[in-house]
Amino acid sequence: MTASPHATNADQGRLALASEFPAAELDQWRALVAGVLSKSGVDPAKVTGPIETALATETYDGITVRPLYTAEQDGSETGLPGLPPFVRGSRPEGGVLAGWDIRQAHINPDPAAANTAILADLEGGVSSIWLRVGASGVPVDRLAEALHGVYLDLAGVVLDAGADYLAAAEALFALRAERQVPASELSGALGADPISVHARGGLRQDLAPAAALAARVSAEFPKLRALLVDGEPYHDAGGSDAQELAYSIAAGVEYLRALTESGMDVDDAAGQLEFRYAASADQFLTIAKFRAARRLWARVTEVCGVSLPARAQRQHAVTSAAMMAKRDPWVNMLRETLACFAAGVGGADAITVRPFDSAIGLPDAFAMRIARNTQSILLEESKVAGVIDPAGGSWYVDQLTDELAHTAWSLFTEVERGGGLVTALESGQLADELAAVRQRREANLASRSDPLTGVSEFANLAEEPLVRDPLPAPRETGGLPVIRYPERFELLRDRADRHHGGRPTVFLATLGSLAEHTARVSFATNLLQAGGIDTVTGTIAEFAESGAPVACICGPDSAYADGAAELAGALREQGARRVLLAGKPKDYPGVDAYVFAGCEALSTLSETLDALGVDQ
């Protein structure tokens with residue numbers, strides 16, 4: 001390349017990307033935003049504050065997500081990877097050298113079936129096994145069968161035994177001794193978590209046995225962790241990200257107290273804890289959650305006098321069970337890919353991807369293979385772990401992490417002032433706080449403000465339901481509720497599928513030209529299909545011949561103003577039991593309900609099924 005005759009020696013060899021474009025100014029961007037808003041019907045003059053306020057959204061924690069972030073918002077201290085406050089990762093090298101631990105879950109209570117799946121996973125690239133043991137899992141006395149052929153000094157074993165954690169731990173210790181595996185080589189986690197047993201089951205658990213187990217593990221098994229701090233019960237109850245963080249940190253503090261009061265050194269006590277968090281399809285909130293969790297725990301351990309090397313939080317990410325759908329379950333693969341990506345970028349040490357059919361029943365071999373290969377692709381082909389803290393330097397992610405950490409810290413200190421997490425569970429305070437968020441979440445799901453692809457949006461009425469062996473009964477019940485976001489829409493689909501006489505159908509009565517009514521026909525069809533309702537389209541004159549007992553008027557607003565009431569009356573004269581209108585509510589006589597973006601879709605669909613004569 002020949003240097004420009006005007007270039008200085010210092011400029012030669014330097015590539016100044018986009019230098020030929022004028023510098024972008026914030027005011028210019030705001031002017032463009034105002035122009036777009038004006039075209040969409042929003043008056044920029046009526047927007048309170050900066051124009052971008054109109055494009056902002058709010059999380060369930062009250063954090064405002066702005067459409068644009070600049071260096072002016074970058075006020076948080078993120079530190080360096082491997083150093084306090086550990087926002088940028090627990091290890092200086094991140095996952096560059098070894099990636100993260102690919103941890104596969106196994107919940108089949110049949111030891112032989114579990115063993116077959118475990119060996120297939122280990123051969124297929126999984127690095128540790130997460131095995132449900134005890135009630136609703138492999139019987140404790142048959143643990144050796146489930147782990148037949150598993151080299152305990154090579155593959156980490158993580159137990160999920162609920163209240164049976166002591167018996168499960170003893171069974172694993174006995175198996176290690178029988179196979180003559182050195183105690184120094186047994187790796188994984190025992191999953192003792194009496195606080196989560198309390199949260200899920202509603203009955204207080206004694207922490208002393210868990211503390212004694214942790215002391216033994218600390219003294220005998222250097223690669224093993226005894227205690228789990230699980231945030232999933234709060235996520236599965238419909239809670240927010242800050243609530244999951246706050247309550248998990250509060251649980252971690254309860255365990256630190258119990259362990260140190262039993263005589264353990266505070267560094268050893270901190271080393272016995274592994275934290276588990278749900279990873280959702282909201283990739284940026286998930287990234288921020290894992291970064292914020294390390295920051296919160298670093299502050300707690302600093303105050304508790306933990307030495308710097310022991311302050312880093314050990315994290316296990318699990319793709320959210322709450323987001324998993326039974327309908328169109330193939331979409332779960334996409335949700336989980338996003339969640340796994342976000343957990344990896346967020347710096348999780350171990351990740352579990354749930355099989356895409358896990359909400360339906362016991363996963364089959366194909367679903368298990370896809371779950372592990374999702375991680376392998378992200379690690380080996382996409383090189384997600386090939387960069388130390390990939391999200392570092394993003395003003396948006398750093399700001400979101402900072403705000404999430406502050407919100408969670410406020411909730412955590414409130415719990416501590418009230419006597420700690422166990423007290424909050426017993427008093428009902430924690431359940432009430434979760435219920436408040438859950439109600440807001442359920443309202444957004446019902447109105448499709450929180451859309452669920454394949455369920456509340458773009459449902460596939462022609463899909464063949466997957467059939468799987470039933471899931472084991474829940475191990476603990478009676479405590480915090482367990483929800484799935486798609487569940488209420490799926491119940492409507494089940495109801496419609498049971499209808500005798502074929503698929504329930506609504507007639508879409510069109511007004512105006514094809515160009516004028518197509519958008520609203522598409523919208524109404526999409527909404528009705530979320531309730532398992534099919535549609536036929538035609539003019540008013542064709543309604544009677546359709547045989548449908550419910551009609552939905554679809555056309556332009558200009559046609560509604562002149563003829564909606566008359567049209568509704570004509571439909572009723574032809575036998576319509578219920579008349580819907582695709583558009584904003586306007587008080588048209590004869591119209592029973594309106595379908596529009598943001599309407600209460602769940603109740604509208606339920607009432608429509610009633611009118612169609614579909615049994616509950």
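So, here's what we can say about the structure. Computed from a prediction, not measured in an experiment: that's the story for all the values here.

The rules behind the values
Residues numbered from 1 in each chain as written. Predicted model: local features only at pLDDT ≥ 70, side-chain atom pairs only at ≥ 80, totals over all residues. Heavy atoms only, no water. Helix = DSSP H or I, 4+ residues; strand = E, 2+ residues; numbered from the N terminus. Phe/Tyr/Trp six-rings, centres within 6.5 Å; stacked < 30°, edge-to-face > 60°. Buried < 20%, exposed > 50% of the residue type's maximum accessible area, 1.4 Å probe, protein only. Salt bridge = Lys/Arg side-chain N within 4 Å of Asp/Glu carboxyl O. 1 Å grid on protein atoms, 1.4 Å probe; cavity = no way out; pocket = protein on both sides within 12 Å on 5 of 7 lines; lining within 4 Å. Points joined across faces, edges and corners; volume = space filled by probe spheres on them. Nonpolar A, V, L, I, M, F, W, Y, C, P; charged D, E, K, R; others polar. Pairing = 2+ DSSP bridges. Axes fitted to C-alpha atoms, helices over the stretch in contact; angles between N-to-C directions. Contact = heavy atoms within 4.5 Å.

1. Points about the environment of Gly598
- Looking at where Gly598 falls in the secondary structure, it is placed in the loop between strand E15 (593-595) and helix H20 (601-611).
- Sequence separation of Gly598 and Ala446 is 152 residues, and the distance between their C-alpha atoms is 9.0 Å.

2. Quick notes on the packing of aromatic side chains
- Applying the stated criterion across every chain, the model contains 13 aromatic pairs.
- Ring geometry for Tyr69 versus Tyr396: centroids 5.0 Å apart, planes at 35 degrees, classification tilted. With Tyr69 in the loop between strand E2 (64-65) and strand E3 (101-106) and Tyr396 in helix H13 (residues 395-417), this pair connects stretches of sequence that are 327 residues apart. Each member of the pair, Tyr69 together with Tyr396, is buried.
- Taken together, a centroid distance of 5.1 Å and an interplanar angle of 55 degrees make the contact between Trp409 and Phe412 tilted.

3. Points about the pattern of salt bridges
- In the structure shown here, the tally under the stated rule is 36 salt bridges.
- With a closest N to O distance of 2.8 Å, Arg142 and Glu145 form a salt bridge.
- The exposure class of Arg142 is partly exposed, given its relative accessible area of 34%.
- Measuring nitrogen to oxygen at the nearest pair gives 3.4 Å for the salt bridge that ties Asp236 to Arg200. Remark: Arg200 occurs in helix H5 (residues 194-201) and Asp236 occurs in helix H7 (residues 232-236); sequence separation between them is 36 residues.
- One salt-bridge network, in which partners are shared between bridges, spans Arg88, Arg291, Asp389 and Asp398.

4. Re empty space enclosed by the protein
- If you walk through the whole model with that rule in mind, you get two cavities of 30 Å³ or more.
- One number sums up the size of the largest cavity: a volume of about 210 Å³.
- As for the largest cavity, its lining consists of 21 residues, of which Arg91, Gly94, Gly95, Gly344 and Gly347 are closest to the centre.
- Looking at the lining of the largest cavity element by element, the count peaks at three residues for helix H11 (residues 331-346).
- The residue makeup of the lining of the largest cavity, split by class, is eight nonpolar, eight polar and five charged.
- Volume-wise, the second largest cavity comes out at about 40 Å³.
- What lines the second largest cavity is simply Met333, Glu336, Val353, Arg354, Pro355, Phe356, Ala367, Ile370, Ala371 and Thr374.
- Sorting the residues of the lining of the second largest cavity by element identifies H11 and helix H12 (365-381) as the ones contributing at least two each.
- Counting residues per element, the lining of the second largest cavity draws most heavily on H12, which supplies four residues.
- Residue classes in the lining of the second largest cavity are distributed as seven nonpolar, one polar and two charged.

5. Section: the sheet that holds strand E10 (residues 350-352)
- Strand order in this closed barrel of eight strands is E3-E4-E5-E6-E7-E8-E9-E10, and the pairing throughout is parallel. Each strand axis lies, on average, 30 degrees off the axis of its neighbour in the sheet, ignoring direction.
- Relative to strand E9 (residues 315-319), strand E8 (residues 273-279) runs parallel, the two being bridged by five bridges. Bridge pairing in E9 links Tyr277 to Ala317.
- Packed onto the sheet, helix H10 (residues 283-303) meets E8 and E9 and runs at close to 155 degrees relative to E8.

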